[in-house]
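Next come the chains, spelled out residue by residue.
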Amino acid sequence: MNYIVHSVLVSDGGDSFRIDTANTSYVIGIQDGLYLGHFYYGAKIPETDLSYKTAFAPPMSPVKTSRELCVFMDCYNFEYPGWGTGDSREGALKAIDSNGTSRVNLLYKGYRISSGKEPIPGLPSTFAAEDPVETLEIDLQDPDTGLSVTLFYTAFPECDVIARRVEVKNEGGHDLDLQRVLSATMDMPGVDRQGRPFELLTYHGTWAREFTKEIRPIGFGRTGVVSICGKTGNRMQSFLGLVSPAVSQEQGQVYGLQFLYSGNFSSMVEKGPNGDIRVSMGIHPEEFSWKLCPGETFHSPEVVLTYSDAGLGKMSRNFHDLYRAHLIRGKYKDKKRPILINNWEATYFDFDHDKLLSIAKQAKECGIEMLVVDDGWFGKRNDDNTSLGDWTVNEEKLPGGIRRLSDELSAMGMKLGLWFEPEMVSPDSDLFRAHPDYAIAIPGREPARSRNQLVLDVSRKEVRDYLFDSIRKVLESADIAYVKWDMNRHLSDLYSAGLPSGRQGELMHRFTLGVYDLQERLLSAFPDLLLENCSSGGARFDPGMLYYSPQIWTSDDTDAYERIRIQAGAQTLYPLSCLGAHVSICPNHVTGRTVPFMTRGIVALAGTFGYELDITQLSEEDKAHIRRQVELFHTYNDLIRNGDFYRIASFADNGFYDCYGVVSKDKKEMLLTFLHVMNQPCMPNRHICLKGLAPEKRYRVFLVEESSGKEKKDIVCEAFGSTLMNAGIVIPCMYGDFQSALYHIEEV
Ligand code: DGJ
């Protein structure tokens, strides 16, 4: 691919800036030498100066007359609006001055262009990979408060992504109280190129029902998605999409924004009286304040933006490429992950050394590579009422400790993984008895419990030190290859014993920074560790966590039928390489549904892949299925992790079948998954047009697996890519619900 050498361009007059990616342009400029305006974001254009678009009538120009300044402020397309200046739309930056006033009037000061991209202190951020990147920094200043703001823009040309963030510095002489610092805003037309109003695409859910897609009209006023529970949560993804009406995988304009942050967020769209919209994304201003002393800087989390002219599929591939190349780190970034078996759904809390070993032995015989010991190995934890915080092994369950288990697993060639829930404490724990103030709770008031547990105040360094030391001791005591980091409740009863009363509003953000600090310390101390984040399933599934863990548990709902929809939502925003997906037992523990074993495997192959069942209870037939699934994983996981994802048909849309494919970057091969979800009377064959192939290449199509177990490695046809993508293939009708097939398409 040809990359652009300079992605940041400046107009001759020095008052307009254009940021280019392979297929997009983003243009901002300065109005009357004062205000930074947003002029354009969309398909690539050759113009840098778009000031002709702001041909204001004379009374509207702030330098020609101050008579209508307030009207100007309320109508102008700002790039990053302040507060209290007459702009009655959602502001980006609000600060209380020493006299109690809150106006922030941001005026243009200057710019810099640098090569490369600096990390953000204490926060996750995208980074440059092999190709160089350029960063544009624009300085704004409020002369009255002394607040100085730098807007950062970095282009990732090959992914069509622009990363944005801000730094806010107090250059005045007294303390300022920041009340909101959004990471990015954008004022833009409310209609697409065909004059049709953009619609809002979001993902909502709850426990066991994550990633549910919704597209709705954008009405006048403010609408959007938020979290104020202290983590991103499963109710709303922080993602915002602005899409053309009837957007499809291939057609329609799409703006996608994601927030690299794991705490409270606000992702908003505001439609004004003329139909234009202001998009904003950042830390939710509720439960947020930050005291900024003279000389101090506040760093906002990062937002990543992408634009696609070619529907949702292109947006997904842009985000997938960005996260795989420029966000996910560590040893397993580009590597196949060990196939694991997790004992949670197999045993819950009811296990001991011998039970785990018998699971591991049979798993090993089937080709599984790692045993993950989930909740219940520590303290006195035989149910969920006790022991969180006491990270020492329960020798009654595991005599000889983790060390003995790990030695015995190593001897049989199996790796060991372990579950932790570091941010939590049980009131019935040695930790809580010794340090009740470590929990987030208001002195003198009873804090709300959830799953009978409280949240530890990881904004405090001494709490993080305790946690790091206890986890480190366990990890050093044995050969532990993997950690599942869980987080199973919201924050409430906000008070930190580590903060003075004037700074209590900082707790939520400091909590998130504390989680990041702990995970960073863990990864620095154990660089080979494979970390999987989890939060009651996917309640903290966000790009911020992906900076620390290359995979995240997608949902506690392991029913393959449910997973088709949940994973379809997750695949729209995140690469398949990071979606935690396991085969579990039927009837499924969450839904009671039964799905054929091979279909369960085929659905889980579109993720990290593993098992979550008591293998000692399985029939020989099911164990044979596991061996075959393990073989499929080893054959196709490189392609699944690294390829380009194409959704071909969606069960959520058609009610009967689902179909998606992964094409290798060199277009030499494709793995096609067909899921015959619901039987249809008078079952028709399915007509499937492949996507993403090279039109001129010739391919052979093989059936490699079918849930019915009938045919294997049958050649279906041989044809050019253009034929397969236009005339398509026919998938013969299948009998019964939840059947599935895998096809491999190879260049001849
Ligand atoms: C919630 C997780 O999502 C589950 O996978 C499991 O680890 C339990 N917690 C254990 O308590």
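It should be noted that the structure appears before, not after, this text.
Every residue gets a number counted from 1 within its own chain, in the order that chain's sequence is written. A pLDDT threshold of at least 70 governs which residues receive local features in this predicted model, and a stricter bar of 80 or more applies before side-chain atom pairs are shown or counted, although totals over entire chains, interfaces and linings include all residues. Only heavy atoms go into the side-chain values, all of them from the structure, while hydrogens and water stay out.

Examining the site of the ligand
The rule for a residue being near a molecule or strand is that one of its heavy atoms must lie within 4 Å of it. Around the ligand, the structure places 13 residues, and the nearest of them are Asp-374, Asp-375, Lys-484, Asp-486 and Asp-556. Contact between the ligand and Trp-419: an oxygen atom at 3.1 Å from a side-chain N or O atom of the residue. Here an oxygen atom of the ligand and a side-chain polar atom of Asp-556 are 2.5 Å apart. Contact with the protein chains hides 97% of the accessible area of the ligand, taken as 300 Å² for the molecule alone. Broken down by class, the residue content of the shell around the ligand amounts to 4 nonpolar, 3 polar and 6 charged. N or O atoms closer than or at 3.5 Å make up a polar contact, with two conditions inside protein: a donor-capable atom paired with an acceptor-capable one, and, for residues adjacent in sequence, both atoms drawn from side chains. Computed with the Shrake-Rupley method and a 1.4 Å probe, the accessible areas treat only the protein chains shown as cover for residues. Throughout this entry, Asp, Glu, Lys and Arg are counted as charged residues, while Ala, Val, Leu, Ile, Met, Phe, Trp, Tyr, Cys and Pro are counted as nonpolar. The remaining residues, Gly among them, count as polar.

Things to note about the pairing of strand 17 (residues 277–283)
Two faces, one strand: in a regular strand the side chains alternate between the faces of the sheet. Under the scheme applied here, a residue whose accessible area is under 20% of the maximum for its type counts as buried, over 50% as exposed, and between as partly exposed, the area being computed with a 1.4 Å probe on protein chains only. In this text, helices come from DSSP runs of H or I with a minimum length of four residues, and strands from runs of E with a minimum of two, each type numbered from the N-terminal end. Burial within strand 17 is extensive, with 7 of its 7 residues counted as buried. Should DSSP find at least two bridges between two strands, the strands are regarded as paired. Relative to strand 17, strand 10 (residues 176–188) runs antiparallel, the two being bridged by 6 bridges. By the bridge assignment for strand 17, Thr-185 is matched with Ser-280. Sheet topology note: the strand 16 (residues 265–271)/strand 17 ladder contains 7 bridges and is antiparallel.

Brief notes about the side chain of Asp-375
Among the structural elements, Asp-375 can be located in the loop between strand 22 (370–373) and helix 5 (401–411). Within the structure, Asp-375 has its side chain in polar contact with the side chain of Arg-381 (distance 2.7 Å). Aside from chain neighbours lying at most four places away, what touches Asp-375 is Trp-344, Tyr-348, Phe-349, Phe-351, Arg-381, Trp-419 and Arg-451. Throughout, a contact is declared for two residues whenever any of their heavy atoms are within 4.5 Å.

Examining the packing of aromatic side chains
The geometry of an aromatic ring pair is captured by two quantities: the separation of the ring centres and the angle between the planes. Stacked, tilted and edge-to-face pairs are distinguished by plane angle, under 30 degrees for stacked and over 60 for edge-to-face with tilted covering the rest, among Phe, Tyr and Trp rings (Trp via its six-membered ring) whose centres lie within 6.5 Å. Evaluated as defined, the whole model comprises 38 aromatic pairs. For the pair Tyr-26 and Tyr-153, a centre-to-centre distance of 5.7 Å together with 55° between the ring planes defines the contact as tilted. Of this pair, Tyr-26 sits in strand 3 (residues 24–31) while Tyr-153 sits in strand 8 (residues 147–156), and the two are 127 residues apart along the sequence. Its relative accessible area of 0% is what places Tyr-26 among the buried residues. We classify Tyr-153 as buried; its relative accessible area is 0%. With 6.0 Å between their ring centres and 40° between their planes, Trp-377 and Trp-391 make a pair best called tilted.

Quick notes on the nonpolar core
The biggest cluster of nonpolar side chains holds 190 residues, and the ones touching the most others in it are Trp-377 and Tyr-611. Setting aside its immediate chain neighbours within four residues, Tyr-611 contacts Ile-339, Leu-340, Ile-341, Asn-342, Ile-368, His-582, Val-583, Phe-597, Ile-626, Gln-629 and Val-630. Within the second largest apolar cluster, 24 residues are counted, among which are Tyr-646, Met-670, Phe-674 and Leu-690. The nonpolar core is taken to be a set of buried Ala, Val, Leu, Ile, Met, Phe, Trp, Tyr and Cys residues, with the residues joined through side-chain atoms within 4.5 Å.

Notes on the side chain of Thr-145
Along the chain, the position of Thr-145 falls in the loop between strand 7 (134–142) and strand 8. Take Thr-145: its relative accessible area is 4%, and that puts it in the buried class. Among the polar contacts made by the side chain of Thr-145, one reaches the side chain of Asp-142 at a distance of 2.7 Å. In terms of polar contacts, Thr-145 uses its side chain to reach the backbone amide nitrogen of Leu-147, at 3.1 Å. In this structure, Thr-145 is in contact with Asp-97, Arg-103, Asn-170, Gly-172 and Leu-176, ignoring residues within four places of it in sequence.

With respect to the sheet that holds strand 23 (residues 415–420)
Pairing within the open sheet is parallel, and its 9 strands lie in the order 29-28-27-26-23-22-21-31-30. With partners counted over all chains shown, the strands left at the sheet margins are strand 29 (579–580) and strand 30 (583–584), one partner each. As defined by bridge partners, strand 22 adjoins strand 23 across 4 bridges and the pair is classed as parallel. If you follow Met-370 over to strand 23, its bridge partner there is Lys-415.

Description of empty space enclosed by the protein
Using a grid of 1 Å spacing that covers the protein atoms alone, one calls a set of points a cavity when a 1.4 Å probe fits there but cannot get out, and a pocket when the set is open and has protein on both sides within 12 Å along at least five of seven lines; lining residues are those with an atom within 4 Å of a point. Grid points are joined across faces, edges and corners, and a volume is the space filled by probe spheres set on the points. Summed over the entire model, instances satisfying the criterion amount to 7 cavities of 30 Å³ or more. Considering only enclosed or pocket space, the largest cavity measures out at about 90 Å³ in volume. Contributing to the lining of the largest cavity are 13 residues, with Phe-78, Tyr-80, Pro-81, Gly-82 and Leu-106 lying nearest its centre. By residue class, the composition of the lining of the largest cavity is 9 nonpolar, 3 polar and 1 charged. Space inside the second largest cavity adds up to approximately 70 Å³.

With respect to the pattern of salt bridges
Whenever Lys or Arg places a side-chain nitrogen within 4 Å of a carboxyl oxygen from Asp or Glu, that contact is recorded as a salt bridge. Summed over all chains, the structure comprises 54 salt bridges. With a closest N to O distance of 2.8 Å, Arg-180 and Glu-90 form a salt bridge. Here Glu-90 lies in the loop between helix 1 (69–75) and strand 5 (93–96) and Arg-180 lies in strand 10, a separation of 90 residues in the sequence. Salt bridges linked by common partners bring Lys-461, Arg-464, Asp-465, Asp-517 and Arg-521 together as one network.

Brief notes about the layout of surface pockets
Of the voids in this model, the largest pocket is the one considered here, and its volume is about 650 Å³. Looking at the largest pocket, it is lined by 26 residues, and the ones nearest its centre are Glu-158, Cys-159, Asp-321, Ala-325 and Lys-665. Residue assignment for the lining of the largest pocket shows that the elements contributing at least two residues are helix 2 (311–326) and helix 12 (620–642). Top contributing element to the lining of the largest pocket by residue count: helix 2, with 7 residues. Along the lines of polarity and charge, the residues of the lining of the largest pocket split into 7 nonpolar, 5 polar and 14 charged.

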